[in-house]
Amino acid sequence: MIINRELIDDALQAVRGAGEIILKAWDKPRNIRHKGRIDLVTDTDVAVEDSLKKSLGRILPEADFLAEESAGETELKDGPTWIVDPLDGTTNFAHRIPFVAVSVGLWQGGAVRMGIVHLPVLGEMYWAAQDQGAFLNGEQINVTETQDLVQALVATGFPYTIKTDVDQVLGYMRRALMNTRGVRRCGSAATDLAFTAAGRFDSFFEIGLKPWDTAAGACLIREAGGMVSTMDGQDYFPGQETILGTNKVLHEQMIKILGA
């Protein structure tokens, strides 16, 4: 598959339309349901996913979908697949916190070939395509050049399994806090990954994420000059148990402190 400008522009238009659904719902009452103890879903999540399936389906009729609200499994095949998180940061959306993202990755042949992360409330559209760089609102972005962890600002998130994984998560947090300038949490992995690609964060790590949480954002970081792996340094593909994204310079240092 060739990721040409026409395909990119069509996908951006589809994602922009999905973002408009979020914006129209932003000041309206939420219809919130629980998928798990603290895992929420709203009517907007479902509406955005339906919109993306229709619009992206017209762009690449041969592509499959792996989308959060309708996925029966998380296994990726070799053929073209849209990996979709219609509203990453649903809890933020429920509380009107503006870190909410539409995340769309295009997978084929064992890799994410294109990634789009749209933050409609903030008015930010990120995209990247294999060997074509990463961009924010049309301007090319790059990861930071920070070389020492003590000067690094890192981001993380907490899994929905926090009740059982709290000791492990707090262990990672403690080591990150003790060795860096600080730790931030946006509550949306797609946002954290996009901010890392744009040089706002120097690194991001988390456990327990799904393919739709990371596919687009990992593509952004790689195309912005950074590196993505598991937290122990193995090759990363969407759906791995852990993820670590950095500006590349700090990668080995982050692996060392997280595994300490």
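What comes next is a walk through the structure. Computed from a predicted model, the values in this text were never measured in an experiment. (Residues numbered from 1 in each chain as written. Predicted model: local features only at pLDDT ≥ 70, side-chain atom pairs only at ≥ 80, totals over all residues. Heavy atoms only, no water.)

**A word on unusual backbone geometry**
Then, in step 1: Of note, the phi angle at R96 is positive, near 60°, even though the residue is not glycine.
Then, in step 2: Mapping R96 onto the fold places it in the loop between α3 (90-94) and β5 (101-108).
Then, in step 3: The class of R96 is partly exposed, set by a relative accessible area of 41%. (Helix = DSSP H or I, 4+ residues; strand = E, 2+ residues; numbered from the N terminus. Buried < 20%, exposed > 50% of the residue type's maximum accessible area, 1.4 Å probe, protein only.)

**Regarding the sheet that holds strand β7 (residues 124-129)**
Then, in step 1: The sheet built from 7 strands is open, its strands ordered β3-β4-β5-β6-β7-β8-β9 with mixed pairing. Sheet topology places β3 (64-67) and β9 (139-140) at the edges, where each strand pairs with a single neighbour.
Then, in step 2: Pairing between β3 and strand β4 (residues 81-88): 4 bridges, direction parallel. Looking across to β4, one finds that A67 is bridged to V84.
Then, in step 3: Set on the sheet, helix α5 (residues 189-197) makes contact with β4, β5, β6 (111-119) and β7; between it and β6 the angle comes to about 100°.
Then, in step 4: Against the sheet, helix α6 (residues 211-223) touches β3, β4, β5, β6, β7 and β8 (133-136), its axis set at about 100° to β6. (Pairing = 2+ DSSP bridges. Contact = heavy atoms within 4.5 Å. Axes fitted to C-alpha atoms, helices over the stretch in contact; angles between N-to-C directions.)

**Structural notes on empty space enclosed by the protein**
Then, in step 1: In total, this model carries 1 cavity of 30 Å³ or more according to the counting rule given.
Then, in step 2: Volume-wise, the largest cavity comes out at about 50 Å³.
Then, in step 3: As for the largest cavity, its lining consists of T156, G157, P159, V169, Y172, M173, F205, E206 and I207.
Then, in step 4: Those elements that place two or more of their residues in the lining of the largest cavity are α4 (162-179) and β12 (203-207).
Then, in step 5: Grouping the constituent residues of the lining of the largest cavity by class yields 6 nonpolar, 2 polar and 1 charged. (1 Å grid on protein atoms, 1.4 Å probe; cavity = no way out; pocket = protein on both sides within 12 Å on 5 of 7 lines; lining within 4 Å. Points joined across faces, edges and corners; volume = space filled by probe spheres on them. Nonpolar A, V, L, I, M, F, W, Y, C, P; charged D, E, K, R; others polar.)

**Some remarks on the sheet that holds strand β11 (residues 182-184)**
Then, in step 1: Read from one edge of the open sheet, 5 strands run β11-β10-β12-β14-β13, paired in mixed fashion. Strands with a single pairing partner mark the edges of an open sheet, and in this sheet they are β11 and β13 (227-229). Taken over all neighbouring pairs, the strand axes of this sheet differ in orientation by 20° on average, direction set aside.
Then, in step 2: Bridge count for β12 against strand β14 (residues 242-246) is 5 bridges, and the pairing is antiparallel. Counterpart to F204 in the pairing with β14 is G245.
Then, in step 3: The strands touched by α4 are β10 (153-156), β11 and β12; relative to β12, the strand with the most contacts, the crossing angle is about 165°.
Then, in step 4: Contacting β10, β12, β13 and β14, helix α7 (residues 251-258) runs over the sheet at an angle of about 145° to β14.

**Points about helix α2 (residues 43-59)**
Then, in step 1: Taking 1.5 Å per residue, 17 residues should reach 24 Å; α2 reaches 25 Å between its end C-alpha atoms and fits that length.
Then, in step 2: Within α2 the residues assigned to the buried category are T44, D45, V48, E49, L52, S55 and L56. Projection of α2 onto a plane perpendicular to its axis shows the buried side chains occupying an angular sector of 145°, all on one side. Facing away from the buried side of α2, by more than 90 degrees, are the exposed residues K54 and R58. (Expected span 1.5 Å × (residues − 1). Arc of directions from axis to C-beta.)

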